[in-house]
Amino acid sequence: MYDNPDGVMIGLEVHVQLNKLKTKVFCGCTTDYHNDPPNSHVCPVCLGLPGALPKINKKAVEAAIKVGLALNCKIEEHTQFYRKNYYYPDLPKGFQITQYDFPISSGGHIMIEGEDGEHRVGITRAHMEEDPGRLVHEGTIDKSKYTLIDYNRSGMALLEVVSDPDMRSPKEARRYLDKLRNILEYLDVFDGNLEGALRVDANISIMGGQRAEIKNISSHKGAERALLYEIVRQKNVLRRGGIVVLETRHFDEAREITMSMRSKEEAHDYRYFPEPDLVPLKISGWAPAIKETLPELPDARRLRFVEQYGITDDHAKALTSELKLAIFYENVAKKADPKTAAVWICDVLKGELNYRNLTIDSFKKEHMLSVIGLLASKKITEDGAVDIIRTLLDKGGSPDEIVAEKGLLKVEGDIVSTAAEEAIKENPQAVADFKAGKEKALNSLVGAVMKKTKGRADARAAREVLLGKLG
Amino acid sequence: MATINELNERIHAGSSEEIVAEYLERIDSSKLNAFITVAKENALARAKEIDSEGHEGSLAGIPVAIKDNISTKGILTTCASKILTGYVPPYDAHVIERLKEAGAVIIGKTNMDEFAMGTSTETSFYGPTRNPWDTDRVPGGSSGGSAAAVAGSEVPLALGSDTGGSVRCPASFCGVVGLKPTYGVISRYGLISYANSLEQIGPFATTVRDVATLFDVIAGYDARDSTSVDKEVNYSSALKNDVSGLKIGVPEEYFGEGTDENVEKTVWNAIHTLEDLGATRVEVKMPHTKYALSAYYIIAMSEASSNLARFDGMRYGLRTEDSDWHTTFSQVRAAGFGDEVKRRILLGTYALSAGYHDKYYLKALKVRTLIKQDFELAFKDADVLIAPTMPYPAFKLGEKIDDPLSLYLADVDTVPINLAGVPSISVPCGFSHELPIGMQVIGKHFDEATILRTAYTFEENTDFHTREPEGF
Ligand SMILES: [Zn+2]
């Protein structure tokens, strides 16, 4: 049991851009703007021009329902859009169309790897809204002389996923974010690599104080850092006999600190009221059909991998934590020994990729199969296999070329045998020591065999051959 | 005053350009101030094109004036507000697309109360419009420019918008026909919102037939407006000179305190005329009418406070000296909006605020439901309802503008119709001291056909619509 000594309670509001949709949420503008000039994907609707009216994108509603179902939420009978009124230059209408009463889904949960094993995090609600435009400041936000506005992002479909305050540490918060992102990628509604794809606001309190809301967090690592900083800050305030007040704080990603925001920006009365330009949407009938189309989600896939391929739960967890990795593994496991594949992908390849900051896209399934094939036929050593993987990542080529180029082919058994006989003859002292019970003496004999075969022998095999000849 | 039929004879002979030029000349020499923008070159060019190439549309070559809160591509659109100085929309409203397809010639943009907030067209940044029947009097509002232009023979057809009576009131004051359709029948795409849940675009003309012809062109489904209804009806074919068996409900609540004696008498005479033509009168009760005005203003102002938030000077319209965002934005709005608009934004903001939301906004929505029920019950017995459009004829310029409450009270007979979302047409039914009086014929949801038929029959059997203001 994790006893949570400081009484940390963390809840997260995650804004997910449904950026795999073809069009924005209330107009026909394309969502594929990331490589295009500013303000090139706009129309009267997403610019909020006078007289333009929003029209709901049904595909966005379907995607939102899909996410709701995957988060184990209840889908509402009717859903309704509201106006959240506030002024900001990135908001072209002076209000944001969002949801308030009757959100599209609510009351769900997901399981994460908690401080003390499996931990359940409640999902309060997941509701739809529109993304504002993007502000680009010259220099820093407080010193900038002007701000440029790009409305390409304006009107992108967002899903705000609000969690219950169920996380008890920054680590759990990060795991929650990882899991959420993982699920979203499995659902194919979201590409987490695009700018602004996922933004986080965090609510955090510790025992004896009120909660702070931290805004402007744009990465999982940032969330963990911001929360760690905030716990220390709140503890210090309490230790000095101060009061932790209810407030909104801004996360400075570069300095890794949170700062209190001016009260002017804090005291909002959003004056929510139903959006008169969008009629309530009856969605009760939609969920069953969408449920049919739900793909296998990470938890289910993990269980299946353990069962179907007989691999360890740790391997299955690692392999399913990223959709592409899971697909890669399955493609390899179909044509090679699944257990060996799991070991080489999880324990070797993944580490080498992480070290180089690469994704699984940088490695070919065929190459993994050749490496495993070479190992299985005992043509290369394990060290040789690692060498091949590293060379493939650093220089490219094919495993066969690398084997030839580097002379990695494992030497024949009789060569090992000959080398062993020579080693025994040339090192009488070591032989005597071994026979006298000094097992370590065997190591110097193995070393001699390796030297004679220029490292192409398998160390384990050499050991066995030596033991046979000495025994 | 010329009707579409009369103009068509000349247009078929290839003289649309000549007709447009004549109207342009009348606008040019007018003292009414009915137009904010005259699209002279565009209009003449389009008319010329129609003369040379011909056009099959039902409004081919006919000039139409557009209220200045309807988005017209390439033509200044101001809502009669300083804040939209220089705003030229890059797109056409749905109704403008329809008009262009039908061959109509957009002749200009008409004056109105700023952002359609008013009953007299006196709150316009571009100065008041005058009533052709007495140029010392208001034309009604907020679509005063459109009604005055039609009454003053500056254009045969015009579009207005009706949020709480803004088509019917000026139709009544100017002695022309004006229709507020069922909510959802005409797409609002491109209509600059004042109060979205209440308003509809509506046609003006001098006859019921011309209103129906224009209505046929602009009505119909538009996917871009989620509140648009998918119903295609030919309204012109409903125009039959026959009210036999028609059951008319006369809600006494619409003849209450403050109603001018002559208005009351004139509307009753009109009802008797229809009875003589075969209609029967049935008793109806609309007990919640007295709450309509308060509910209307709370809902309209609440929606307006949000709708008008977009006017911040950042992307279009008025821009004052640059400072930081909060300052610039406040300066633009302080300089750009007139007093009445500011008053409504403030009241609407207040009504939606935490702590007051339930007391005002939610309560108004509940009243709205009760008003709808009143209409549903009344229409169980009656086919149409008839009432005065306005409690009195046109008042003098400046008479009420400094007393907002008395101006709001003028809308007492028109706002319940918008709260219920039902259709209503105002037709001339008599005069009081040489000023026109309008009666409204109110129908069931989507039953424009019956109110058009009733109004048409009345028109066919009377001659009030043929009278013209002197000197126009
Ligand atoms: Zn757009």
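Residues numbered from 1 in each chain as written. Chains lettered and ligands numbered in written order. Predicted model: local features only at pLDDT ≥ 70, side-chain atom pairs only at ≥ 80, totals over all residues. Heavy atoms only, no water.

Residues and elements named next belong to chain B. Taken in spatial order, the 11 strands make up an open sheet running β1-β3-β2-β4-β6-β5-β10-β11-β9-β7-β8, and their pairing is mixed. The open sheet is flanked by β1 (35-38) and β8 (280-282), the only strands paired with a single partner. The mean inter-strand angle of the sheet, taken between neighbouring strand axes irrespective of direction, is 30°. Sheet topology places strand β9 (residues 384-388) next to strand β11 (residues 435-443); 5 bridges connect them, and they run antiparallel. Bridge pairing links proline 388 to methionine 439 in β11. Its contacts with the sheet put helix α3 (residues 40-53) on β1 and β3 (105-110), and the angle it makes with β3 is roughly 160°. Sitting on the sheet, helix α4 (residues 94-101) is in contact with β2 (63-67), β3, β4 (157-162) and β6 (200-205), with an inclination near 175° to β2. (Pairing = 2+ DSSP bridges. Helix = DSSP H or I, 4+ residues; strand = E, 2+ residues; numbered from the N terminus. Axes fitted to C-alpha atoms, helices over the stretch in contact; angles between N-to-C directions. Contact = heavy atoms within 4.5 Å.)

Evaluated as defined, the whole model comprises 30 aromatic pairs over all chains. Ring centres of tyrosine 309 of chain A and tyrosine 329 of chain A lie 5.5 Å apart, and the angle between their planes is 90°; this geometry places the pair in the edge-to-face category. A residue pair is termed long-range when its members are at least 10 positions apart, and tyrosine 309 of chain A in helix α5 (residues 298-309) and tyrosine 329 of chain A in helix α7 (residues 323-333) qualify at 20 residues. Accessibility classification places tyrosine 309 of chain A together with tyrosine 329 of chain A in one group, the buried group. Through a chain of ring-to-ring contacts, the aromatic side chains of Tyr82, Tyr86, Tyr100, Tyr270 and Tyr272 of chain A assemble into a single cluster. One cation-aromatic arrangement involves lysine 84 of chain A over tyrosine 270 of chain A; the distance from NZ or CZ to the ring centre is 4.4 Å. Between lysine 400 of chain B and the ring centre of phenylalanine 395 of chain B, over which it is positioned, the NZ or CZ distance is 5.4 Å. (Phe/Tyr/Trp six-rings, centres within 6.5 Å; stacked < 30°, edge-to-face > 60°. Buried < 20%, exposed > 50% of the residue type's maximum accessible area, 1.4 Å probe, protein only. Lys NZ or Arg CZ within 6 Å of the ring centre and 35° of its normal.)

A few words on the environment of serine 370 of chain A. The topology assignment puts serine 370 of chain A in helix α9 (residues 365-376). Along the chain, serine 370 of chain A and aspartate 400 of chain A lie 30 residues apart, while their C-alpha atoms are 8.1 Å from each other.

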